[in-house]
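# Summary of structural features
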Protein chains: 2
Amino acid sequence: MAQPAPNEIFQFSIVSALVDGVASHGIPISALLTHGDHGLGTFRNMVGEMIILDSSVYQMKSDGTIVPITSPSEVITPFSVVTRFEPTQRIKAAFSCKADIVKLLNEMFPSAKNHFLSIRMDGKFKKIYVRTAGGQECPGEGMIAITSRQRTYKFEDVRGTIFGFRCPGYVMGINVAGEHMHFISDDRLKGGHVLGFDSFETDGEVDVSVAMCSKFHMELPTDDEEFNHAALERDSEAIAAAEG
Amino acid sequence: MAQPAPNEIFQFSIVSALVDGVASHGIPISALLTHGDHGLGTFRNMVGEMIILDSSVYQMKSDGTIVPITSPSEVITPFSVVTRFEPTQRIKAAFSCKADIVKLLNEMFPSAKNHFLSIRMDGKFKKIYVRTAGGQECPGEGMIAITSRQRTYKFEDVRGTIFGFRCPGYVMGINVAGEHMHFISDDRLKGGHVLGFDSFETDGEVDVSVAMCSKFHMELPTDDEEFNHAALERDSEAIAAAEG
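Counting restarts for each chain, with residues numbered from 1 along the sequence as it is written. Each chain is given a letter, starting from A, and each ligand a number, starting from 1, according to the order in which they appear as written. The model is predicted, so local features are restricted to residues of pLDDT at least 70 and side-chain atom pairs to those at 80 or more, both for listing and for counting; the totals for chains, interfaces and linings are taken over all residues.

## Thoughts on the overall build of chain A
When helices and strands are counted, chain A shows six helices and 16 strands. Based on C-alpha atoms, the radius of gyration is set beside the globule rule, defined as 2.2 Å times the residue count to the power 0.38. In summary, chain A has a C-alpha radius of gyration of 17 Å against a globular reference of 18 Å for 244 residues, a match within 12%. Along the first, second and third principal axes, the C-alpha set of chain A runs to 50 × 35 × 35 Å. Here a residue counts as buried when 20 or more other C-beta atoms sit within 10 Å of its C-beta, as exposed when there are 12 or fewer, and as partly exposed otherwise, the C-beta atoms being derived from the backbone. Per-residue burial over chain A gives 48% buried out of 244 residues. Secondary structure elements are taken from DSSP: a helix is a run of H or I of four residues or more, a strand is a run of E of two residues or more, and numbering for both begins at the N terminus.

## Thoughts on the environment of A:I9
Residues and elements named next belong to chain A. Note on placement: I9 falls in strand β1 (residues 8–12). Separated by 38 residues in sequence, I9 and V47 have C-alpha atoms that sit 23 Å apart. In this description, a residue-residue contact is defined by the distance between C-beta atoms placed from the backbone, which must lie within 7 Å. Beyond its immediate chain neighbours, meaning those up to four positions away, I9 contacts V81, T83, F116, C213, F216 and H217.

## A short note on the relation of the copies chain A and chain B
The superposition of copies rests on a least-squares fit of C-alpha positions from residues with pLDDT of 70 or more in both. When chain A is fitted to chain B, the best match, at an RMSD of 0.0 Å, comes from turning it 180° and sliding it 0.0 Å along the axis. What the rotation and shift describe, once combined, is the action of a two-fold rotation axis. Considering only C-alpha atoms, the residue of chain A closest to the rotation axis is A:H217, which sits at 2.2 Å. Most of the interface of chain A is mirrored in chain B, where 100% of its interface residues are also at the interface.

## Remarks on the pairing of strand β1 (residues 8–12) of chain B
Residues and elements named next belong to chain B. Taking burial as the measure, the five residues of β1 include five buried ones, the bulk of the element. Here β1 shows no split at all, with E8, F10 and F12 on one side and I9 and Q11 on the other all buried. Two elements, β1 and strand β16 (residues 215–219), share five bridges in a ladder whose sense is parallel. Bridge pairing links F12 to E219 in β16. Each pair of strands is called paired provided DSSP finds at least two bridges between the two strands. Pairing of β1 with strand β8 (residues 79–83), which is carried by four bridges, proceeds in the antiparallel orientation. Opposite F10, over in β8, you have V82 as the bridge partner.

## Some remarks on unusual backbone geometry
All names here are of chain B. Here the phi dihedral of N7 falls at roughly 60°; this positive angle occurs in a residue that is not glycine. One non-glycine residue, D223, adopts positive backbone phi at about 50°. Within the fold, D223 resides in the loop between β16 and α5 (225–229). Exposure remark for D223: the 9 C-beta atoms within 10 Å place this residue in the exposed category.

## Overview of the domain arrangement of chain A
Reports often express the size of an interface as the amount of accessible area lost when the parts come together. Residues and elements named next belong to chain A. Residue ranges for the domains trace back to a domain assignment, done automatically or taken from a database. Each assigned domain of chain A is listed here: domain 1 (8–84 + 216–243) and domain 2 (89–214). A C-alpha centroid distance of 16 Å is found between domain 1 and domain 2. In terms of residue class, the side of domain 1 that touches domain 2 is built from 21 nonpolar, 12 polar and seven charged. Only Asp, Glu, Lys and Arg are considered charged in this grouping, and only Ala, Val, Leu, Ile, Met, Phe, Trp, Tyr, Cys and Pro are considered nonpolar; every other residue, Gly among them, is considered polar.

## Looking at the interface of chain A and chain B
The interface is formed by 24 residues belonging to chain A together with 24 residues belonging to chain B. Contributing elements (two or more residues each) for the side of chain A that touches chain B: β16 (215–219) and α5 (225–229) of chain A. When β16(A) meets β16(B), the two strands line up antiparallel, connected through five bridges. When the bridges of β16(B) are listed, A:K215 appears paired with B:E219.

## Describing the confidence of the model for chain A
On average, residues of chain A score 94 in pLDDT, and 99% of them reach the 70 mark or higher. Among the prediction metrics, the complex's ipTM stands at 0.95, with pTM recorded as 0.96. The pLDDT score gives, residue by residue, the confidence of the prediction method on a 0 to 100 scale.

## Comments concerning the environment of A:K154
Relative to the helices and strands, A:K154 is located in strand β11 (residues 151–167). For A:K154, the contacting residues outside a window of four places in its chain are A:K127 and A:Y129.

## Some thoughts on the environment of A:E86
Residue and element names in this part refer to chain A. Position of E86 relative to the elements: it lies in the loop between β8 (79–83) and β9 (89–93). Remark: the alpha-carbon pair of E86 and P110, spanning 24 residues in sequence, is separated by 19 Å. With near-sequence residues (within four places) excluded, E86 lies in contact with P6, N7 and A211.

Below you can see the structure in the form of structure tokens.
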């Protein structure tokens, strides 16, 4: 199969569907990987957080365990976002607060406010706060209820990688406006959904690699009655609270 | 070049950019046609309405004239939506009010509320109201100001074709939620933006052909300072007023 073009974004379903609890069906991870080698998302019934780095997929669970996905054709994702990541800018930088990283991204890509950015950071983190969703307790349970039970973890002095996207405001509901990033440690033993740009501090400089993405592809669930009947009304506050 | 897959949607830019007056740049019509053979949109500086039927492109101007685009590599579109139209359902139906067509579409595609539909209607119309935008009077002039000067036309007893899309609510701002349709007469002398499902009445039955579209591709303008600096805040009322 032909490789996907670099730095285009592919997503399956929309984030509002998760808010409405649409998470019973989806596409196999193997299909997702035909569209990109880096990404994030979730798994059937929103059990855990997904991170994809260099085509390796990990399920980061709320009990703190990390499961590498070794049979990607057998595992389903109801929502995920991937890209074939070919960073066009690389820089070393240290971050101690949200303002640092926002400023850096705006300096690196001064004209990208209305575009997507894909962002990878490799290095040592002095602290990083993540959460992991435990999954639906019943079919159709919405993301807000799930994240109200989420486990949060603080990791200290850990080497690892953050990967995620900064999305333009106008995609809110389809995706998450602003930053959405997941983290996994180098030893693949710790990870989760990064609780915003303010939730981590680097230990000295880390490697930051970024690409601007101007082509966006979305595949909607078909033959999925949960999706077909969902309200899918943009609830910006709920999405920001659950995914921000 | 390989044909695009049938019944996927490709759009260039987003409708909020037109609201903000972003219409100086874009892609050539020839590039647009690689993504589909049916569609609609507008032209540089929002001069007139575009309809594409069977890969033929027409510019429908506010003075009532229709210009076939014979040099598609030389003509720019700042916003447009196309598909390689392969209808999966065809039916003959008569319409006298909005309720008729909404009911028919829901009967034909009972599970498509959260998907896109592409819709073509061929036949004789007892009456049809359209508008044509005259274009920007200065660079950056927004869509609301332009449509406040739009010309509206009522055609009676005219044979022709309506083509357009019904988009799910969650794409408002990126595209137009609900129906967005353009019309051109069989003699290619009359046409414009159809003023909603309530603005036409068929003369007996017309041929209705429809496809559901579940894959959506969006290309954002690059190296376009107008786009890069635009607010692009979803103004649902303005979009509905201008494009509904």
